Structures are given as C-alpha cells and as structure tokens.
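Coordinate inspection notes
Each chain, letter by letter, is given below.
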Amino acid sequence: MTTKSGGGDLFLGLDASTQTLKAVLVDREFNVIADEAINFDHALPEFQTQGGVHRHPDGLTVTSPAIMWVAALDLLLAAMQAKKWPLNRVAAMSGSGQQHGSVWLRKKARSVLRLLDSRRPLRSQLESVFTVEDSPIWMDSSTRRQCLALERALGGPQAVARLTGSRAYERFTANQIAKIHATRPQVYAETDRIALVSSFMAALFMGDYAPLDAADASGMNLMNVRTKKWAPAALRATAPGLELKLGRIVPSHRVIGTVQTYYAERYGFNPGCLVAAFSGDNPCSLAGLRLQRPGDVAISLGTSDTVFGSLRVCRPSASEGHIFANPVDPRGYMALICFKNGSLTREFVRDMAADKSWEVFARLLAMTPAGNDGRIGFYIRDPEITPPIFKPGIYRFDSRGRRVKTFPPEAEVRAVLEGQFLAMRLHGANLGLRPTNILATGGASVNPAVLKVMSDVFGVPVFVGEQPNSAAVGAAYRALHAWVCRRRGRFVPFAEVMRDAPPFSKAADPDPRAQQVYRAMLRRYAELEKKLVDAK
C-alpha cells in the first residue's frame, strides 16, 4: 500500500480484474491517497488458480471461482481497516470488473445480501448463493456453436454488430448464457439473477441486486448499443425468460444506492456513502485516462496492444473491434480494438535483430528513415484477430510489394513498429477513431523511440502520464462524477468535473515530413494487408 495526505471528500474505486482485486482512494484534487491490492493466487491459494483462473482440460473453457471474489473482498476490506483508511470520509464509491464474466445467483441470494451480519465475514455468508460455482470469464472460448447460432438468428455477423456493437464473440456473456442454458438447463432454471462481475461487486456493497451500467452491458451481445436497452431479438435467441434474470440497465453515471449498514458497522464506512453504478474494466480505464472527447485516444502497449477512445457516432463493424456505450457521456460511444501481437512481438524482433537490447534497438531505429525505404512487415507471432491473419509467420515486403525473406536489422526494428502502428491507425479509423492526441500507456510507453514512431505514424502529439491502476482510478473518478451529478440534480459533463485534474506530459510531436510519408504508406499497407487476409 502507498499513502499520502489528502483532504476533503474522498472517493473509492475498486477493480476486480483477472488476477487481483484492487482499491484506490482519491481526493477532490485527484490525488490517489491510498491503494491496496489482493492477488488471488498468492492471497487465496486454496482456490488453486493460476493467474486468477482455472483452465479446463478441453483447452477452451476458462473460469474463476465466484466465491473467490467474495473472499478477496474480505481480505481487501480487512487490509484497508488495518491500515486505517479514512473510510468514514468516503462520499461515494464505484467499481470496475473484468468484462464479459458472469455470476449466477440462486433465488435465496437476494435475502442473504439484504440481511448481511456485520459480525461475520462475507465469505461465510455467501458460499451457498451460487448456481454456477465457477464463473465463465473473458478468456473462455468454448462457445463457438452458440456464436454461430446467435448470428444465424439475427441475420449474420454484421447484423449482430449493428445491433449490439460487436459481432458474436465466444467470451461475450450472451453466448456463455446460451451454453449454460443448453448444457445445464436445471442450473439455468434455478438461477434468479445473472450478474456481470461488475454488478455482482456492486450488489455486495448495496446489499441487493444491482443494475448493470450501459457501458458494461455493451459487452454482452444482448444490449441495443444505440438505445442502451435490452435487444428483444438477442434475448430471445439466447435463452427464455432472460430479461428478468438480467435486471435493469442504467446510465453509467447513475447513483444506484448507498452502502449497506454491514460496511458501516464492520469497517467504519460513512453510512451515507453513495454507490454509483459499477462498470467494466475497459470503460473504467477510459474514465481513468480521461478520454472524454472525440479525438481523445489511448494506446495501451502491453502483452496485447489495445486502442480505445471516445466517439460521437456509432459505426459497428463485424470485422473491426467493438463499440461500447461511453461510460462518461450518455450520448456518446467508445471504440476498442485489441491486437494480440503486442509487446511480446516487439521483444521477439528486439531479440532477433538488436542483441536483446532496447538501446541497440533505438540505435538501429535511428539509422532508418520514416517509411523504411518502402519496406513493410507483418509480424504475426500469435494468430491475429485484427487484422484476421490466423497463420503465424513474418511477412516482409519490399518497396515494390514483393515478398522477401529478410530485412537488414535496422529495417527489421522499424518495420515491426511501423507495421503495428499503421494497423492501429487503419483499423481505428474504420471504427471512427481519428485521434487529435494520443495517451500512451503500458510497458513500452517509457520508450521514447517507440513513442516517436507512434507520433509520426498517426501525425498527432503523444502524451504519457503516471496512471497505474487506470481501471480502479477510473472507477473512483466515476464515483466523483456520479456524486457531482447527484448533488447538482442533473448530468454534469465529465470534462467539467475533471477540469482541474493534472495534465499529462507530452512525450513526442510528429515530424511534418514523416506525416506525408505515412499518409502514402497507409494505402500500401492496407493493400498488402488485404492480400494476406484474403489468402487465409
């Protein structure tokens, strides 16, 4: 845990991610004054998870024990209390949960939540409330049959995307529900409420079933992404009586209740602490990085690379990422595209061409001009979804578009970066992401050479900022936002609430000459990519 002094009203953000349960405490000046985390593998070894999950023998099914999240919350709250967090000063709280995961609650769960006994930990009271003990999560890919059935029922992949914001994905909640209904009908019948991870965590604090927020509900293949209401055709194609099991959808800035007396009595919470709707980890990261206006785009450079940002216009595509409801603008949207070949692919090229050294990598990069003398490379270490190139390999092309076997080392390092950022620019634009500035996060965002290529390819400034735990911080910001909206009795723009937050630091400006090179190169890249995709 880290702490520093802060004053005034405080706001609590939680993040139930795949591997950890985190909490941050934020003051009115946007300072993180305390943070804490519980790692599931290390703190709760009795669940025998690896990376917070159970991988099943079929190689496709991946789950997490639902009660493990409850046990982790017991540990987290005890740690916060032991370290004297000023929970009596928390005016509002919200949370983030890994998207797409579902929590299945039997009929008695509601009465148990409403009658929590502050003399006992949560785990001992909630162990018997689940109809599905191992929750399907975002890593699960066992529902291909259900995805195809949903697409047939709704008129094809593009029709599903147009309605729900994404084509049918194996990890999305609708298809997980359809699988359980088909294979375990008695379990489905005995289930009173199907929550998302986010709304389940909210329910624990409210002491009652919690509604789903529109942003997280977007990741289910069940919500009409434009109306922010359940799509009847998608519900019918998934399972009978589903709407009653899912509950309401509310705007992401809505206050949905106050903390139950359990938390005031056992841990010293402010009894009037507001609970704002919890949301998914990707929407909360958008809030944590303050991407409130169209043109604000973040690129997370991690094991997978993720591009996401705010949109005004909704243009879903069956082949281009996802459109979600915007968690900080009820009239807006957010776009998200994930590229599987991220940091591990960059490290592979570094090891192959630059003596396993980022310093050598940067020197080699400086030896080559923007545009790499016309060379373009596709580095597919793992089957890629965007673009859909499923056969791993390295595909190198010279300035005339001819396939070649090798590049010189200095061309190799530039080709991997230019190829990755050209793909992000191309596919982001197809969803409507046209950045006016970029906020770079993740491990590679500390590398100035990488950020300079990013800035040149996109033709916009690149900023960086110290924002670890962006989903938890985003949840705290959303709690502050909901608190302000409640106090003023109306929706207040998120940008207005965050106006005095500290600015991010500029890390790179684009070279105008390089911009011209990449504008022309983008057309060639798109043509070569299409050839590779068509050849699959």
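Residues numbered from 1 in each chain as written. Predicted model: local features only at pLDDT ≥ 70, side-chain atom pairs only at ≥ 80, totals over all residues. Heavy atoms only, no water.

The full count for this structure, using the stated rule, is 20 salt bridges. In this structure, the salt-bridge partner of E170 is R144, at a minimum N-O distance of 3.5 Å. Of this pair, E170 sits in the loop between helix 6 (157-164) and helix 7 (173-183) while R144 sits in helix 5 (residues 144-154), placing them 26 residues apart in sequence. The partly exposed category is assigned to R144, whose relative accessible area is 38%. Among the ionic pairs, D398 bridges to R402, the shortest N-O distance being 2.9 Å. Accessibility expressed as a relative area gives 47% for R402, which makes it partly exposed. Within the structure, one salt-bridge network assembled from shared partners comprises E46, R123 and E127. (Salt bridge = Lys/Arg side-chain N within 4 Å of Asp/Glu carboxyl O. Helix = DSSP H or I, 4+ residues; strand = E, 2+ residues; numbered from the N terminus. Buried < 20%, exposed > 50% of the residue type's maximum accessible area, 1.4 Å probe, protein only.)

This part takes up the packing of aromatic side chains. The final tally for this structure, using the stated rule, is 13 aromatic pairs. Look at W358 and F361: their rings are 5.0 Å apart centre to centre, the planes differ by 70°, and that puts the pair in the edge-to-face class. On the criterion of helical spacing, the pair formed by W358 and F361 is a turn pair, its members being three residues apart in helix 16 (residues 358-366). Ring pairing ties together the aromatic residues F205, Y262, Y263, Y267 and F269, which thus form one cluster. A cation over an aromatic ring shows up here: R167 above the ring of Y169, its NZ or CZ 3.9 Å from the ring centre. (Phe/Tyr/Trp six-rings, centres within 6.5 Å; stacked < 30°, edge-to-face > 60°. Lys NZ or Arg CZ within 6 Å of the ring centre and 35° of its normal.)

Counted residue by residue, strand 7 (residues 90-97) has eight buried out of eight residues, so it is predominantly covered. Strand direction decides the pairing type here: strand 2 (residues 10-16) and strand 7, joined by seven bridges, are parallel. Along strand 7, the bridge assignment pairs L10 with V90. Pairing geometry for strand 7 and strand 16 (residues 274-276), over two bridges, is parallel. Residue pairing across strands places A92 opposite L274, the latter belonging to strand 16. Relative to strand 17 (residues 279-280), strand 7 runs parallel, the two being bridged by two bridges. Residue pairing across strands places S96 opposite S279, the latter belonging to strand 17. (Pairing = 2+ DSSP bridges.)

Before going further, it helps to spend a moment on the pairing of strand 6 (residues 62-65). Working note: regular strand, side chains alternate between the two faces of the sheet. Neither face of strand 6 is open: one carries V62 and S64, the other T63 and P65, and all of them are buried. Sheet topology note: the strand 6/strand 9 (residues 134-136) ladder contains three bridges and is antiparallel. Paired with T63 across the two strands is P136, which belongs to strand 9.

All right, on to the nonpolar core then. Within the largest apolar cluster, 63 residues are counted, with the highest numbers of intra-cluster contacts made by L73, F205 and Y263. The biggest single contributor to this core is helix 2 (residues 66-82), with eleven residues. Filtering out sequence-adjacent residues up to four positions away, F205 remains in contact with L14, L73, L77, M93, T258, V259, Q260, Y263, F269 and F278. Counting 60 residues, the second-largest nonpolar core is a separate cluster that includes L417, L431, V457 and A514. (Core = buried A, V, L, I, M, F, W, Y, C linked by side-chain atoms within 4.5 Å. Contact = heavy atoms within 4.5 Å.)

Another aspect to go through is the sheet that holds strand 9. Strand order across the open sheet formed by three strands is 5-6-9, with antiparallel pairing between neighbours. Sheet topology places strand 5 (54-55) and strand 9 at the edges, where each strand pairs with a single neighbour. Here strand 5 pairs with strand 6 via two bridges, running antiparallel. By the bridge assignment for strand 6, R55 is matched with V62. Along the sheet, helix 2 makes contact with strand 6 and strand 9, crossing strand 6 at roughly 45°. (Axes fitted to C-alpha atoms, helices over the stretch in contact; angles between N-to-C directions.)

Below, the discussion takes up helix 9 (residues 197-206). By the criterion of burial, helix 9 is predominantly enclosed, with ten of the ten residues buried. For helix 9, every residue scored as buried is listed here: V197, S198, S199, F200, M201, A202, A203, L204, F205 and M206. Directly beyond the C-terminal end of helix 9, a positive phi value near 75° is found at G207.

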